[in-house]
Each structure stands twice: as structure tokens, then as C-alpha cells.
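Coordinates in review
Below, each chain spelled out in residue letters.
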Amino acid sequence: MRKFLVFLVLISSFICVKGVEPFRFALFTDLHIQSANQQASDDLKLAVQDVNTQKEIDFVLVSGDITHYGDSVSLQNAKSILDKLNVPYYIINGNHELYQKQYNPTLFISIFGADKFSILHKGVFFIGYSIRKAQKPAEVVIANSDIDWVSLKLSEQVPHLPVLVVAHHPLLTGDVEN
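Conventions and cut-offs
Residues numbered from 1 in each chain as written. Predicted model: local features only at pLDDT ≥ 70, side-chain atom pairs only at ≥ 80, totals over all residues. Heavy atoms only, no water. Pairing = 2+ DSSP bridges. Helix = DSSP H or I, 4+ residues; strand = E, 2+ residues; numbered from the N terminus. Axes fitted to C-alpha atoms, helices over the stretch in contact; angles between N-to-C directions. Buried < 20%, exposed > 50% of the residue type's maximum accessible area, 1.4 Å probe, protein only. Arc of directions from axis to C-beta. Phe/Tyr/Trp six-rings, centres within 6.5 Å; stacked < 30°, edge-to-face > 60°. Lys NZ or Arg CZ within 6 Å of the ring centre and 35° of its normal.

Examining the sheet that holds strand E8 (residues 163-166)
In spatial order, the strands read E4-E5-E8; together these three strands make up an open sheet with mixed pairing. The open sheet is flanked by strand E4 (117-121) and E8, the only strands paired with a single partner. Strand-to-strand twist of the sheet, defined as the mean angle between neighbouring strand axes without regard to direction, takes the value 15 degrees. Across four bridges, the pairing between strand E5 (residues 124-128) and E8 is parallel.

Thoughts on helix H3 (residues 72-82)
The complete set of buried residues in H3 reads Ser74, Leu75, Ala78, Ile81 and Leu82. Down the axis of H3, the sector holding all buried residues measures 125 degrees, keeping them to one side.

Comments concerning the packing of aromatic side chains
Per the counting criterion, the structure on display carries nine aromatic pairs. Each ring, one from Phe23 and one from Phe126, has its centre 5.9 Å from the other, and the planes form 65 degrees; the classification is edge-to-face. Of this pair, Phe23 sits in the loop between helix H1 (2-17) and strand E1 (24-28) while Phe126 is found in strand E5, placing the two residues 103 residues apart along the sequence. Ring plane angle 80 degrees and centroid distance 5.4 Å describe the contact between Phe25 and Phe126, whose orientation is recorded as edge-to-face. Taken together, the residues Phe25 in strand E1 and Phe126 in strand E5 connect sequence positions 101 residues apart. An aromatic cluster is defined as three or more aromatic residues linked by ring pairs; in this entry it consists of Phe23, Phe25, Phe59, Tyr90, Phe117 and Phe126. One cation-aromatic arrangement involves Lys116 over Trp149; the distance from NZ or CZ to the ring centre is 5.7 Å.

None of the figures reported here should be taken as evidence of function without further support.
Here it is in C-alpha cells:
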């Protein structure tokens, strides 16, 4: 029985990666950059240096909470550090980007150029979507417009393509507007 299970795992692994060229990527999350604490910035600088020394990494995913307070200075600081990567990076926001004192929903986009991404890389489709403020304080939702965007991007891909979804919060029942 054990040999049969091992065989199934091997066959499943082969099926899952058929047509996918091997690659590596890095994931940065919950960076919590803030002007009052230099440690997070220093940690990010070290992470960027580390990625830059590893030639086999193709890109970096940055999955939210780039800053602790969502302020412009911290976002700009994070961007200036991330821009030192020798590989592309793809970024989405987190709940900490939403709760700055004077909320500006376009601040993240004005600094990073977008708050979602989709890329096809060596046979795997990566899609990252952003979160929005909910009606209740300290809660987040996925906007209908972002669900529509995800649906559109997925419909443009080849059927049965492996998909990796990147989000700062898991998508749970009730997390979509309406």
C-alpha cells in the first residue's frame, strides 16, 4: 500500500508540473516599514541584498503590509529599497496600507503604479489582488471591481494552467462586497 501511495504522489507531482519550467521566486510580506523604527527598513535592505546575490531567483512577490501606518513617507522608503532589486517585483497592498490617518485610496497606486498584478511565468499564472476598506472599522473586503478583474485575467489564460493566487488576506465567505 505504501509503495502505491508513493507512486500516486510521484505521478501527481509529474502531472502538476507538466509543461512548467522550473523556477524560483522570493516572497516578502508584512514588512511594516515605518519612519519611527529603522529596523524594518534595515531588514528589507538585507532581504533585497540577499535576493540580489541569488542568481536563480526570477522575481519577488510582495504581499501586503509594506508599511505599518500606510503613510506616504514609509511607502516611498519601501519603494526606494525594493527598486534596488535586480529582478522584477510584483506588489499588492495589505490592511496596514488602508488605515493611515487620512485614508487616500490612490496613494499606494500613485507610488507603486498598481495595487494588483498578473503575470505568466514559465507556465504558471500568478495573480495578485488588493483589498479595500470595509464598512466596519478594521475589516477588509475584496471589491467587486477586483473580483471582476481577477475573473477577466483568469478567462484570458489557457485552461488547466497552474494558477498561484497572491493575497494579503485569505478570501473567506463574506469578504466580497455585496
